[in-house]
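Residues per chain are reported as follows:
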Amino acid sequence: AFTKDEIKNVALRLLMKMLEANSEFDFMTIDKLSKTNLHFEVKTYPQDEGGQIEKKKLKERFDQANVQLGKGKHFFQNVVAPIAELTSTWTWVGLVCFPEIADKNVFKEVLGVEDNDLKYILTKKEMADAKWMDELNLGTVAATDEEYKRLLAVLLGSEHVSFKSQVLRYLDDIQDTIKRISGSQEGVIGVGGSTPLDTTKKPEFKDLKKKPLGDILNIIFWNSNQKMLMENLKNHQSTIILGDFGGGKTSVLVAGAEEEAAVVEEEASAVYFICGLDNKEKNSILDIALETKWKDSMVEVVTVPRMRSELGQASSVSVHELIQQFMEDKDNVKVFVDELPVSKEDLEKIKAGEDSQL
């Protein structure tokens, strides 16, 4: 029999799963040291790098982000905090992120945002350093371990526990997915026989080898675009990955670079990983992290400051030009470029198979 607390937890978790689908939030970060829930809503505007900013469109994106922040505040204060039994000293902070806009003063000049509210807006300038966090004046009293664990259990565990058990059982979720996809069948959908799923272990990437596209594992783990991407990487085709922030683009590139590095001596003279973040003369956090990760590997990390230094180019030279010059004398190499800005015009040319800047 369930205890009173177990019944309460089950009911609250079911309530959380019933939240409307349009109440998704971009990023939520829990800062234990200040007892703060940082909620980030990211908007890509303008679409073109250095594009013209229109008041009507900027206000539309800004208002959309603030609506989501309002829902996030309500969700944290009225749902999450009571479930996790947080003390009243916890705070919620909402931030709007516009990484394609150079400076937050645009919001003051165009939309009339008050000076005191500008600290809740992050643009490309703020994302280049961590000073914006100091302006928030977050608390200095850390949460206790128990309180922090309760909060994480609510945010992370609610999606994975079943109705009948408070124990994390990811295999139950997999089986539910299988039933939704194929009904009573447990193998290949369509022709090709069946491949029983071993429910005693969690499926891994290696389990997909030599499986037909209709196999349950492939259907669960790959959509058409992901499958095409993997085929392109396998066949060494030039591939462009476009997507929103946090979509996993960097993770795919890192995995691709490591696979190429494993066979670099047989098929290529080098594997380059270029981070297109342009911090002029200073390496970005991503640059430093990747250099540390691949310090003693066959993957060579190439940063924008390094290219500028080796080529003797000024800060006014674009990243696209730097990469083109850097690669001029490189033969038989594999290159992965991350965080490279692509204009809307360039994207249309790429889709049409025309010559483009990229």
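Right above here is the structure, for reference.
From a predicted model like this one, the values you see are computed outputs, not experimental measurements. All residue numbers here refer to positions counted from 1 along the written sequence of the relevant chain. Restriction of local features to residues with pLDDT of at least 70 applies here, the model being predicted, together with a cutoff of 80 or more for giving and counting side-chain atom pairs; totals for whole chains, interfaces and linings are based on all residues. Excluding hydrogens and water, the side-chain figures rest on all heavy atoms present in the structure.

S.K.: Is there a simple way to think about helix α13 (residues 304-311) in this case?
M.R.: Residue pairs spaced three or four apart in an α-helix point in one direction, given the helix's 3.6 residues per turn. Think of it in three bands: with a 1.4 Å probe and only protein chains considered, a residue is buried below 20% of the maximum accessible area for its type, exposed above 50%, and partly exposed in between. Helix numbering and strand numbering both begin at the N terminus, where a helix is a DSSP run of H or I of at least 4 residues and a strand a DSSP run of E of at least 2. Every buried residue belonging to α13 is among V304, P305, M307 and R308, and all of these are buried. Seen along its axis, α13 keeps its buried residues to an arc of 165°; they face one direction. Note on contacts: a residue pair is in contact if any heavy atoms of the two residues lie within 4.5 Å. Among the structural elements, β5 (270-275), β6 (299-302) and α14 (319-326) are those in contact with the buried residues of α13. Pairing of N or O atoms within 3.5 Å defines a polar contact, subject to two protein rules: one partner must be a possible hydrogen donor and the other a possible acceptor, and residues neighboring in sequence count only if both atoms are side-chain atoms. Measuring from the side-chain oxygen of the N-cap residue of α13 to the backbone nitrogen of R306 gives 3.2 Å; that N-cap residue is T303. Two residues or fewer after α13 comes G312, characterised by a positive phi angle close to 65°. As used here, the arc is the angular range of directions from the helix axis to the C-beta atoms.

S.K.: In this structure, what is going on with the sheet that holds strand β1 (residues 27-31)? I would like to understand it.
M.R.: Here a strand pair is declared whenever DSSP counts at least two bridges between the two strands. Strand order across the open sheet formed by four strands is β1-β2-β3-β4, with mixed pairing between neighbours. Edge positions in the open sheet fall to β1 and β4 (121-123), since each of these has one partner strand only. Taken pair by pair, the neighbouring strands of this sheet meet at an average axis angle of 25°, ignoring direction. Where strand β3 (residues 91-98) lies against β4, three bridges are found, and the strand directions are parallel. Along β4, the bridge assignment pairs C97 with L122. For every element, the axis is a line fit to its C-alpha atoms; helices are fit only across the contacting stretch, and the angle between N-to-C directions ranges from 0 to 180 degrees.

S.K.: In this structure, what is going on with the packing of aromatic side chains? I would like to understand it.
M.R.: Given two aromatic rings, their pairing is described by the distance between the two centres and the angle made by the two planes. Pairing of aromatic rings covers Phe, Tyr and Trp, the last counted by its six-membered ring, and requires centre-to-centre distances within 6.5 Å; plane angles under 30 degrees mean stacked, over 60 mean edge-to-face, and any other angle means tilted. Scanning the model with the defined rule gives six aromatic pairs in all. Centroid distance F25 to F75: 5.8 Å. Interplanar angle 45°. Geometry classified as tilted. With a gap of 50 residues between them, F25 in the loop between α1 (4-17) and β1 and F75 in helix α2 (residues 55-84) connect regions that are remote in the sequence. A relative accessible area of 12% places F75 in the buried class. On the basis of an interplanar angle of 45° and a centroid distance of 5.5 Å, the ring pair of F62 and F107 is categorised as tilted. Pair noted here: F62 is in helix α2 and F107 is in helix α3 (residues 105-111), with a separation of 45 residues, a long-range link. The same class applies to F62 and to F107, which are both buried. An aromatic cluster is built from F62, F98 and F107, whose rings are joined through pairwise contacts.

S.K.: Would you take a moment to explain the pattern of salt bridges for this structure?
M.R.: One side-chain nitrogen of Lys or Arg within 4 Å of one carboxyl oxygen of Asp or Glu is enough to make a salt bridge. Under the defined criterion, the tally for this structure stands at eleven salt bridges. Between R306 and E300 there is a salt bridge whose closest N-O contact spans 2.7 Å. Relative accessible area serves as the criterion here: at 24%, R306 is assigned to the partly exposed category. Given a relative accessible area of 31%, E300 falls into the partly exposed group. The partner of D329 in a salt bridge is K330, with the nearest N and O atoms 3.0 Å apart. Under the relative-accessibility criterion, D329 is labelled exposed at 61%. Shared partners join several salt bridges into a network, and the residues in it are E300, R306 and E310.

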